[in-house]
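Working through the structure, step by step
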Amino acid sequence: MSRGTTKDRLPDGQLRFGFMWLSSPTPTATSKAVADRNPDSLDPATQMDLARRVEDIGMDYVFFADGYITHGENSARIGHAQPHISAPIYAPVVMAATQHIGVVTTMHTRYLSPGVIARLGANLDALSGGRWGWNIVPGWKTPEAELLGAPTDTDHDLRYKITTEAVEAVKTLWAARGEHVEFHGEYHDLRGSLIGPHIEQQPWPCLFNAGVSAAGQELIASTCDFAFTPLPDDYSKVRKTVDSLAERTEAAGRSPVDVNMAGAVGVLLGKTDADAQEKFAWVRDSLDMGAARDIATELMGGSETYQENYEGEFDDIARTLGLACGSKVLVGSPETVAEQLLDLHRETGVRGFMFLPVMYDAEQIQLMGEVFPYLQKANVWTPPAERGWSW
């Protein structure tokens, strides 16, 4: 197991890049054809090979989405987000294969107590040598709550209120480093000493959240290092979220540059623009609309982030959500995709991107790496090695 390089915070305004992990046969496109073409998500050797490739091309972190329930029989039939690896279980596979890249795992405050999250997180941070990040998710899906025996009667703002307190409890446990803790909140009450190992990053590991609602932005502004949001075609919606978060961050007594708003963006590359467009047409034509409709029903029924960003005819929304989870898809050669990223950066103000690969084959990873030199030439990206592998 590689101990890695502790990733320090460096809010320098340069772009940061994340990589949505291959957590299922096809995490981003509702297409069995894509699932059949992707590497085997359940094979540790395949995961380790992918991890090394992603680190070598210059990504800052990999991101493990997670959940507990199926998305319906259509998704299961084509391998879309099913079967789905468990984030804290498979993250060590990536950690073992790499030395510098950040590894972000999702853990839900609705289903896991602060003590459990603090314990898992400290182990993952120690195991990686200080490279772990926590994607904080309140947990909004009623079927998940029913499956796990969690309360089902909490509305959106209350869930974020409970989550904010849970994060404070987790941070209190981390800061104590095994000393006795007394935490008496409105929703969480705990006392005792948490066994080591303890966190390596200081003052605590890197924190992520995807909230775009007022309650979500308050949590991000007060305590998180990264926010992320889907990037729809309407850039003005993204700019509004970026500006709002910056205002809230300043109101919380922090610099807006301390929080990196990352845009989740689909990517499909080719050696030429024509090659990329041909691949895109193949993926688009292979989408399974039954699975896409299931995903749209789930996301539009409970997530304020998606309700805020998507409108129109249901099948149009479903088709959009069935390809790169609803994010804008950048299609082209490495130079063309770099130009599109620069345009998004200028128009929206986002200072990072989370790549949602439409396909995960080795050629796609190689071509992603060929995007970065164009960004370096534009003075918006510095190779991770030159900035100490920082977040």
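Up top you'll find the structure we're talking about.
Every chain is numbered independently, its residues counted from 1 as its sequence is written. Local features in a predicted model are, by the rule used here, given only for residues with pLDDT of at least 70; side-chain atom pairs are given and counted only at 80 or more, and totals for whole chains, interfaces and linings are based on all residues. Processing note: side-chain calculations cover all non-hydrogen atoms of the structure and skip hydrogens and water entirely.

Looking at the packing of helix H4 (residues 87-97) against helix H5 (residues 114-128)
Put simply, the test is: Each axis is a line fitted through C-alpha atoms, and for a helix only the stretch in contact is used; angles between axes span 0 to 180 degrees, taken between their N-to-C directions. Runs of H or I in DSSP of at least four residues are treated as helices and runs of E of at least two as strands, each being numbered from the N terminus. In these notes the angle categories are as follows: under 35 degrees is roughly parallel, over 145 is roughly antiparallel, 65 to 115 is roughly perpendicular, and the rest is oblique. Every residue pair with non-hydrogen atoms within 4.5 Å of one another is taken to be in contact. For this scheme, ten residues count as nonpolar: Ala, Val, Leu, Ile, Met, Phe, Trp, Tyr, Cys and Pro. Four count as charged, namely Asp, Glu, Lys and Arg, and the remainder, Gly too, count as polar.
Orientation of H4 relative to H5, taken along the N-to-C sense of each, is 10 degrees, at an axis distance of 10 Å. Judged by the inter-axis angle, H4 sits roughly parallel to H5. On H5, the residues that touch Pro88, Ala91, Pro92 and Met95 of H4 are Leu124, Leu127 and Ser128. Considered class by class, the residues forming the contact of H4 with H5 number six nonpolar, one polar and no charged.

Here's the deal with the layout of surface pockets
Cut-off, in case you're wondering: Here a cavity is any set of points on a 1 Å grid over the protein atoms alone where a 1.4 Å probe fits but cannot get out, and a pocket is any open set with protein on both sides within 12 Å along at least 5 of 7 lines; a residue lines the site when it has an atom within 4 Å of a point. Grid points are joined across faces, edges and corners, and a volume is the space filled by probe spheres set on the points.
Roughly 380 Å³ of volume is contained in the second largest pocket. Looking at the second largest pocket, it is lined by 19 residues, and the ones nearest its centre are Asp233, Tyr310, Thr320, Gly326 and Ser327. Counting only elements with at least two residues in the lining of the second largest pocket, the list comes to helix H10 (273-286), helix H13 (314-321) and strand S10 (329-332). Take the lining of the second largest pocket: its biggest share by element is four residues, from H13. Looking at the lining of the second largest pocket, its residues break down into seven nonpolar, four polar and eight charged.

Thoughts on the pattern of salt bridges
Threshold: The rule for a salt bridge is simple: a side-chain nitrogen of Lys or Arg has to be within 4 Å of a carboxyl oxygen of Asp or Glu. Exposure classes here rest on a 1.4 Å probe applied to the protein chains alone. A residue is buried below 20% of its type maximum, exposed above 50%, and partly exposed in between.
Tallying each qualifying case throughout the model produces 20 salt bridges. Where Arg53 meets Asp49, a salt bridge forms, and the shortest distance between an N and an O atom there is 2.9 Å. A residue pair is termed a helical-turn pair when its members lie 3 or 4 positions apart in one helix, as Arg53 and Asp49 do in helix H2 (residues 44-57) at four residues. Here Arg53 falls in the partly exposed class, since its relative accessible area comes to 35%. Look at Asp49 and you get partly exposed, because its relative accessible area is 34%. Residue Arg248 is joined to Glu218 by a salt bridge in which the shortest nitrogen-to-oxygen separation is 2.5 Å. One end of the pair, Arg248, is in helix H9 (residues 235-251); the other, Glu218, is in helix H8 (residues 214-223), and 30 residues separate them in sequence. Its relative accessible area of 24% is what places Arg248 among the partly exposed residues. Glu218 sits in the partly exposed class, given a relative accessible area of 41%. Residues participating in the shared-partner salt-bridge network are Lys271, Asp275, Lys279 and Glu363.

Remarks on the pairing of strand S11 (residues 352-357)
Rule in force here: When DSSP finds at least two bridges between two strands, those strands are taken to pair.
The buried fraction of S11 amounts to six of the six residues, a majority that puts the element mostly inside the structure. On S11, burial covers both faces: Gly352, Met354 and Leu356 on one face and Phe353, Phe355 and Pro357 on the other are all buried. Taken together, the four bridges between strand S1 (residues 16-20) and S11 define a ladder with parallel strand orientation. Following the sheet pairing, Arg16 is matched in S11 by Gly352. The sheet contact formed by strand S9 (residues 260-269) and S11 spans six bridges and is parallel.

Examining the packing of aromatic side chains
As a reminder, the rule being used: Aromatic contacts are taken between Phe, Tyr and Trp rings whose centres are within 6.5 Å, Trp giving its six-membered ring; a plane angle under 30 degrees counts as stacked, one over 60 as edge-to-face, and the others as tilted. Only when the NZ atom of a Lys or the CZ atom of an Arg is both within 6 Å of the ring centre and within 35 degrees of the ring normal do we say a charge sits over the ring.
On inspection of all chains with the given rule, the structure shows 18 aromatic pairs. Judged by centre distance (5.8 Å) and plane angle (25 degrees), the rings of Phe17 and Phe353 are stacked. Taken together, the residues span a long stretch of sequence, with Phe17 in strand S1 and Phe353 in strand S11 at a distance of 336 residues. The exposure classification of Phe17 matches that of Phe353, with both residues buried. When the centroid spacing of 5.6 Å and the interplanar angle of 90 degrees are considered together, the rings of Phe19 and Tyr360 count as edge-to-face. On the criterion of sequence distance, the pair formed by Phe19 in strand S1 and Tyr360 in the loop between S11 and helix H15 (362-369) is long-range, its members being 341 residues apart. Owing to a relative accessible area of 0%, Phe19 belongs among the buried residues under this scheme. Exposure remark for Tyr360: the relative accessible area of 1% places this residue in the buried category. Linked through ring pairs, Tyr61, Phe63, Phe208, Phe226, Phe228 and Trp391 together constitute an aromatic cluster. The ring of Trp391 is capped by Lys7, whose NZ or CZ atom sits 5.0 Å from the centre of that ring. Over the ring of Trp282 we find Arg37, and its NZ or CZ is 5.7 Å from the ring centre.

Bear in mind that shape data such as this cannot, by itself, settle questions of function.
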